[in-house]
Amino acid sequence: MPNTNTNPRDLFPGALEMMILESLRRQPAHGYALVQHIQQRSNNLLQVEEGSLYPALQRLLKAKLVKAEWGISATNRRVRTYQITASGLRRLEEQISSFEQMFEGIALVLKARQSPAS
Amino acid sequence: MDWIPSIFRRRALYDDLSEEIELHIEERAEQLRGEGMSAEEAVRQARRAFGNRTLVEERAREVWQWPLLESMWADTRFALRQMRRSPGFTATAVLTLSFAIGANAVVFGVLNRIVIRPLDVPGAKSLYAFETAESQIGHQSYPDYLDFRARNRSFEDLAAFSITQAVLDAGANPSRIFAYETSGNYFDVLGIQPYLGRFFHGEDERGPNSAPYVVLTYSYWHSHFQDDRGVVGRVVQVNKHPFTVIGVAPPAFEGTLLFFSPDCFVPIVNRNQIDQGNQLNERGTRILFEPFGHLKPGVTHAQALADLSSIGSYLEATYPKEDGHKNFALVRPGFPNFFAGPLRAFVAGLMLLAGLILLAACANLGSLFAAKAADRSREVALRLALGSSRKRILRQLLTEALLVSLAGGAAGLLVSVLLLRRLSVWQPFPELAIHVPASPDANVYLAALGLALLSGFLFGIVPVRQVLRANPYEVVKAGPAGRTGGRVTARDALLVLQIAICAVLVTSSMVAVRGLVRSLRGDLGFDLRNAMVAGVELKMAGYTGERVEAMEDRMTGAAKTIPGVEQVALVNNPPLVAGGGWTMNVFKDETRDPKPSNVATTTLQYEISSEYFRAAGTALLSGRAFTAEDGKDAPPVAVINQEFARRIFGSERNALGRYFKTEDGTRHQVVGIAEDGKYFFFSESQQPAMFLPIRQTGPLNSVWLVVRSARDPAPLAADMRRKLRALDAGLPLEIETWTKGMDFALFPARMAAVCLGVLGLLGAVLSITGIFGMAAYTVSKRLKELGIRMALGAQAYEVLRAALGRALKVLAIGSAGGLVLGILASRVLAHIVFQATPRDPFVLAGVVVAMLLLGLVATWIPAQRALSADPLMLLREE
């Protein structure tokens, strides 16, 4: 599987997927709403190119971590709403914990670099 | 696996995706309009925010794709475009390969039937026949066969058969047929089912002549009964005895002897109605071919052989007069080993040569592809510079190679299937039911596909190194002229290899053809020139007992009255004609008990009239020929050949005047020694032979006249026919020159010469295209340089040396190497083609001349082009 086609603005491979899953855990949403949500939640720090969301969504669909359904939104638009699945939830837990470990590790390394200087 | 439904779901998935993206952009634009933007501006802004929509959609789709397959499809389309762009190149490559793969498929088709899958019956893997280990022949008498069948514990059942010739009369048109006389269980042992009606079985055998049934082969039914399904139940006459047609064998079943398909099968218990005499009861008369059957599950070869050997010992102890001690060997039913061995070796040799052809073709195409890749180096460099991966480019090149090879493979297979079909219905001797087993099957198709893929990879990887090394910057900078280095490149090496292979093929085909010619002119122990032979079926015409002798004398006398006839003699069977003769066991004089275990040697037995040696042109080295005095009541005498003398008496000098015994205990005195000759086949090892006076042996069923005359064969044959028919209008006759009569004995050598000739020709064509390709390429690359040289006053020969020197050097090295290899390889040929020796000035000169001619043909056009180079034109082009 080509897993290398991550957007340069992705922090690391899989980050976008993780954010999508996290957003969907809170509530089901369609693509446009997801983009809005992620940008708002990150205080617009993460400028995700809107299109880059869709390949990620397709990957999640294929892995059966989310499911999609056509419907009508609150604003009376035809939308395709994504919903997280049970295995999606499991994957999210795993990813968050491994992400936290990684983050911790990175933080330690960065601190170690700073400490002799201080 | 969920990719199967996903292929069908994919369209829907893609539609969903497009719609979703469309809606996304709309929603964004709507929001922007809500923020006060103009409609047009909003849409543009929404699109910008979304990013590259095509790319996004592509990437999203890729998620669902089977990535390798689909990008391979893209490669394929690109390759097809490339191929269309250079049709000449494509056609050359495909044609070359189709020849090479076709040749391989044909040879493999034959190999497949002979070696891999000799008998197409269920469970053929456990089907074995047994033969004696020493003689490699498995003939058994019917009583011995019954003992083997009853006493063995290794085979599930044993079947046996004998071949006979008979006349089948279905009412309108009596025809001569070949029939297998088989044991009742024959079809059951083979485990095959009838195409029509039923087969006979073991239960049908209830004593002599109890099963007057006949089963037709499919082809005989097809050709003589016009596929009439009503034939089952009809009564036909076989040698004037009523037999009921009970069934038709399946189309694929052509008996259990390769090369020899019968017209029908009859139960052997009815043999006495078809062949006279009572041979079924004679334990010493070995009328059956190798008995065969399925080994019981779990029985090893060693166990089976031990079992057979113990039965052999029992037979030897019980019937010492008829049965000697034997060691047995298990073989595949189909043909005895003495014949199968050389045949397999030859077909395997052919396969090797065909493989070499393919290799040469690959080398050829490899250098073509390398040249093409070099010409495309700018394109490759550009793609590399634009970020394409080398892997991707290589895959692209390989796809192209594979496409070419598959196209070549398909074309080659098509041709070979047609050829094999023709070959399997081809009957080289209409009167002999000989056929070449070669019908193509799945194995052949698989082999062709495998070879196509393999060769595609082989020549596809030739340009790989070139691409991997390519430095885009250098290549683009250097421009189209590139450099034509003086170094030895991989392409030169390939071409040398290819030419060497072709020289091997040319050498071996010449060795074979030369051997064939020499064997016809060589020393056969008789003189073919001006000799006619006439086979007379005395028994079929009703001559038996005393009448045989009288008829023989009248025929000799009649033939002598023909003007221009110098000599007429009788012989039971002329050497190298109609099987070449029959064999007999002989014993040393001091042997008291002439039983099989005491046999001194097995020798050919020729029963001749006194004029035979002069008529046949066989030299008598010492002693005397027979005279009219060597009659029935005179002491038995014999003339032996040198080999016989060496084997029985130690040397030729010792032999004259000494005695030896034949199977019935008769003592024969050696009165003369004749030169050695060839008897069965041209390539046989020297066989012992003895000549006995025809009056001292029993009456013959058929006899041959040998007629020596300097007259033209055709009118002579007509005269002979008229004279003999005048004696008896109903005499079955076969008159031909001795040379023509040897067709059968020459068949293997002729086939070998034809096969090798074809392969040699293919090899020659390949070297021409190879050298031509190289020379043409060099000339086109250096055309400008050559033009300038000419403008500066270079002589024509200097230009040619510059243009073609390399090609010719490659040709010389390759030919020399191939010649040496070919000489080594020709040793194998000596088994098939008598006198096939490469140490023959004709062959050596022939190969050199052939290769020179090839070089001349191949470089002619490039040389013309080099000489016509016009510097002005070329400079203007730049």
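Residues numbered from 1 in each chain as written. Chains lettered and ligands numbered in written order. Predicted model: local features only at pLDDT ≥ 70, side-chain atom pairs only at ≥ 80, totals over all residues. Heavy atoms only, no water.

Caption draft 1: Structural view of the overall build of chain B. Each helix and strand in chain B was counted, giving 27 helices and 21 strands. In chain B, which comprises 878 residues, the share counted as buried stands at 49%. Partitioning the intrachain contacts of chain B with sequence separation of at least 6 by distance along the chain shows that 79% fall at a separation of at least 24. When the accessible surface of chain B is totalled, it reaches about 40,000 Å², and 59% of it is carbon and sulfur. (Helix = DSSP H or I, 4+ residues; strand = E, 2+ residues; numbered from the N terminus. Buried < 20%, exposed > 50% of the residue type's maximum accessible area, 1.4 Å probe, protein only. Contact = heavy atoms within 4.5 Å. Areas by Shrake-Rupley, 256 points an atom, 1.4 Å probe, with all protein chains shown as cover.)

Caption draft 2: Here's a closer look at the overall build of chain A. Broken down by element type, chain A carries four helices and three strands. When the helices and strands of chain A are listed from N to C terminus, the series reads α-β-α-α-β-β-α. A burial count over chain A gives 39% of its 118 residues as buried. Here chain A displays about 7,200 Å² of accessible surface, and carbon together with sulfur accounts for 55% of that area.

Caption draft 3: Spotlight on the packing of aromatic side chains. All names here are of chain B. Tallying each qualifying case throughout the model produces 33 aromatic pairs over all chains. Ring geometry for phenylalanine 161 versus phenylalanine 289: centroids 5.5 Å apart, planes at 25 degrees, classification stacked. In this pair, phenylalanine 161 is assigned in strand S2 (residues 161-169) and phenylalanine 289 in the loop between helix H9 (271-274) and strand S9 (292-294), connecting sequence segments 128 residues apart. Seen from their ring centres, tyrosine 195 and tyrosine 218 are 5.0 Å apart, and the 90 degrees between their planes marks the pair as edge-to-face. (Phe/Tyr/Trp six-rings, centres within 6.5 Å; stacked < 30°, edge-to-face > 60°.)

Caption draft 4: Structural detail: the interface of chain B and chain A. The partner chain A presents 25 residues to the 22 residues of chain B that form the contact. Both sides of the chain B and chain A interface together cover about 2,400 Å² of buried area, and 52% of this is carbon and sulfur. Counting across the interface, chain B meets chain A through seven salt bridges. Across the salt bridge formed by arginine 80 of chain A and aspartate 16 of chain B, the nearest N and O atoms sit 3.6 Å from each other. Scanning the region where chain B abuts chain A turns up 12 residue pairs in polar contact (both at pLDDT 80 or more). Going through the elements one at a time, helix H1 (3-34), helix H2 (39-50) and helix H3 (53-62) of chain B are the ones with two or more residues in the side of chain B that touches chain A. (Buried area = accessible area lost by both parts, 1.4 Å probe. Salt bridge = Lys/Arg side-chain N within 4 Å of Asp/Glu carboxyl O. Polar contact = N/O pair within 3.5 Å; in protein donor to acceptor, adjacent residues only side chain to side chain.)

Caption draft 5: Broad picture of the confidence of the model for chain A. In this model, chain A carries a mean pLDDT of 80, and residues with pLDDT of at least 70 account for 81%. For chain A, the element scoring lowest by mean pLDDT is helix H4 (residues 86-114) of chain A, at 84; strand S3 (residues 78-84) of chain A scores highest, at 91. (pLDDT = per-residue confidence, 0-100.)

Caption draft 6: Structural context of the sheet that holds S9 of chain B. Residues and elements named next belong to chain B. Pairing is antiparallel across the open sheet formed by three strands, whose spatial order is S9-S1-S10. Of all the strands in the sheet, just S9 and strand S10 (328-331) have a single pairing partner and so form its edges. Taking the axes of each pair of neighbouring strands and ignoring which way they run, one obtains an average angle of 35 degrees across the sheet. For strand S1 (residues 127-132) and S9, the ladder comprises three bridges, and the chain directions are antiparallel. Bridge pairing in S9 links leucine 127 to histidine 294. Of the strands in this sheet, S1 and S10 touch helix H10 (residues 301-318), which is tilted by about 135 degrees from S10. (Pairing = 2+ DSSP bridges. Axes fitted to C-alpha atoms, helices over the stretch in contact; angles between N-to-C directions.)

Caption draft 7: Broad picture of the pattern of salt bridges. Tallied over the full model, the rule gives 37 salt bridges over all chains. A salt bridge links arginine 26 of chain A to glutamate 22 of chain A, with the nearest nitrogen and oxygen atoms 3.2 Å apart. Pair noted here: arginine 26 of chain A and glutamate 22 of chain A are both in helix H1 (residues 15-26), with a separation of four residues, about one helical turn. Residue class for arginine 26 of chain A comes out partly exposed when judged on its relative accessible area of 45%. Note that arginine 667 of chain B is salt-bridged to aspartate 589 of chain B, the shortest N-O span being 2.9 Å. Placement of arginine 667 of chain B in strand S18 (residues 667-674) and of aspartate 589 of chain B in the loop between strand S13 (582-588) and strand S14 (601-608) is noted, with a sequence separation of 78 residues between them.

Caption draft 8: Spotlight on a positive patch on the surface. On the surface, Arg77, Arg81, Arg84 and Arg85 of chain B cluster together into a positively charged patch. With respect to the secondary-structure elements, arginine 85 of chain B resides in helix H4 (residues 67-85). (Patch = residues over 30% accessible without salt bridge, like charges linked within 9 Å, V, L, I, M, F, W, Y side chains within 5 Å. Lys, Arg positive; Asp, Glu negative; His and termini not counted. Charge placed at Lys NZ, Arg CZ, Asp CG, Glu CD.)

Caption draft 9: Representation of the sheet that holds S3 of chain A within the structure. Residues and elements named next belong to chain A. The strand order across the open sheet built from three strands is S1-S3-S2, with neighbouring strands paired in antiparallel fashion. Both outer strands of the open sheet, strand S1 (29-30) and strand S2 (66-72), are each paired with one neighbouring strand and no more. With seven bridges joining them, S2 and S3 adopt antiparallel strand pairing. Considered in S3, the bridge of glycine 71 is made with valine 79. Strands S1, S2 and S3 of the sheet are contacted by H1, whose axis makes an angle of about 95 degrees with S3.

Caption draft 10: Representation of the packing of H1 of chain A against helix H2 (residues 31-41) of chain A. Residue and element names in this part refer to chain A. Put simply, H1 and H2 touch, their axes get as near as 10 Å, and they point 100 degrees apart. Judged on the interaxial angle alone, H2 and H1 are roughly perpendicular. Every residue of H2 that contacts H1 at Met19, Ile20, Ser23, Leu24 and Arg26 is listed here: Leu34, His37, Ile38 and Arg41. Considering only residue class, the contact of H1 with H2 consists of five nonpolar, two polar and two charged. (Parallel < 35°, antiparallel > 145°, perpendicular 65-115°, else oblique. Nonpolar A, V, L, I, M, F, W, Y, C, P; charged D, E, K, R; others polar.)

Caption draft 11: Quick look at unusual backbone geometry. All names here are of chain B. The phi dihedral of glutamine 226 is positive, around 50 degrees, even though this residue is not glycine. Among the structural elements, glutamine 226 can be located in the loop between helix H8 (218-224) and strand S6 (235-238). Given the relative accessible area of 57%, glutamine 226 is considered exposed. In this structure, leucine 576 is a non-glycine residue whose phi angle is positive, near 70 degrees. Of the residues examined, leucine 576 reaches a relative accessible area of 1% and is grouped as buried.

Caption draft 12: Focus on helix H6 (residues 142-151) of chain B. Within the sequence span of H6 of chain B, burial applies to Tyr142, Pro143, Asp144, Tyr145, Asp147 and Phe148 of chain B. The inward-facing, buried residues of H6 of chain B abut S1, H10 and S10 of chain B.

Caption draft 13: Structural detail: a nonpolar patch on the surface. All names here are of chain B. A cluster of nonpolar side chains, contributed by Phe772, Val849, Leu853, Leu856, Trp860 and Ile861, occupies part of the molecular surface with about 610 Å² of accessible area. Tracing the sequence through the fold places isoleucine 861 in helix H26 (residues 841-867). Note on isoleucine 861: relative accessible area 53%, which makes it exposed.

Caption draft 14: Region of the structure containing the side chain of asparagine 364 of chain B. All names here are of chain B. Relative to the helices and strands, asparagine 364 resides in helix H11 (residues 337-375). Residue classification places asparagine 364 among the buried residues on the basis of a relative accessible area of 3%. Beyond its immediate sequence surroundings of up to four residues, asparagine 364 is in contact with Thr96, Gln498, Leu766, Thr769 and Gly770.

Caption draft 15: Main features of the nonpolar core. Residues and elements named next belong to chain B. Among the nonpolar cores identified, the biggest contains 87 residues, and Tyr612, Phe691, Trp738 and Met742 are the most heavily contacted of them. Residue contributions to this core reach at least three from each of two domains, namely domain 3 (344-520 + 746-877) and domain 4 (531-745). Dropping the residues within four chain positions of it, tyrosine 612 is found in contact with Ala569, Leu570, Val571, Pro575, Gly617, Thr618, Phe691, Val706 and Trp738. (Core = buried A, V, L, I, M, F, W, Y, C linked by side-chain atoms within 4.5 Å. Domains from an automatic or database assignment.)

Caption draft 16: Summary view of the environment of phenylalanine 99 of chain B. Considering the arrangement of structural elements, one finds phenylalanine 99 of chain B in helix H5 (residues 87-116). Expressed as a C-alpha distance, the spacing of phenylalanine 99 of chain B and isoleucine 357 of chain B, which sit 258 residues apart in the sequence, is 9.0 Å.

Caption draft 17: Focus on the pairing of strand S7 (residues 241-248) of chain B. Residues and elements named next belong to chain B. As paired strands, strand S4 (residues 196-197) and S7 are joined by two bridges and run antiparallel to one another. Among the inter-strand pairings, leucine 196 is bridged to a residue of S7, identified as valine 248. As paired elements, strand S5 (residues 213-216) and S7 share four bridges and run parallel to each other. For tyrosine 213, the partnering residue across the bridge sits in S7 and is threonine 244.

Caption draft 18: Seen up close, the side chain of asparagine 270 of chain B. Residue and element names in this part refer to chain B. Its location among the elements puts asparagine 270 in the loop between strand S8 (264-267) and H9. Within polar-contact distance, the side chain of asparagine 270 engages the backbone nitrogen of alanine 211 at 2.9 Å. Those residues within four positions of asparagine 270 in sequence are excluded, and the remaining contacts are Asn209, Ser210, Ala211, Pro212 and Phe243.

Caption draft 19: Focus on the environment of leucine 330 of chain B. Residues and elements named next belong to chain B. The topology assignment puts leucine 330 in strand S10. For leucine 330, a relative accessible area of 16% corresponds to the buried category. Along the sequence, leucine 330 and histidine 301 sit 29 residues apart, while their C-alpha atoms lie 7.4 Å from each other.

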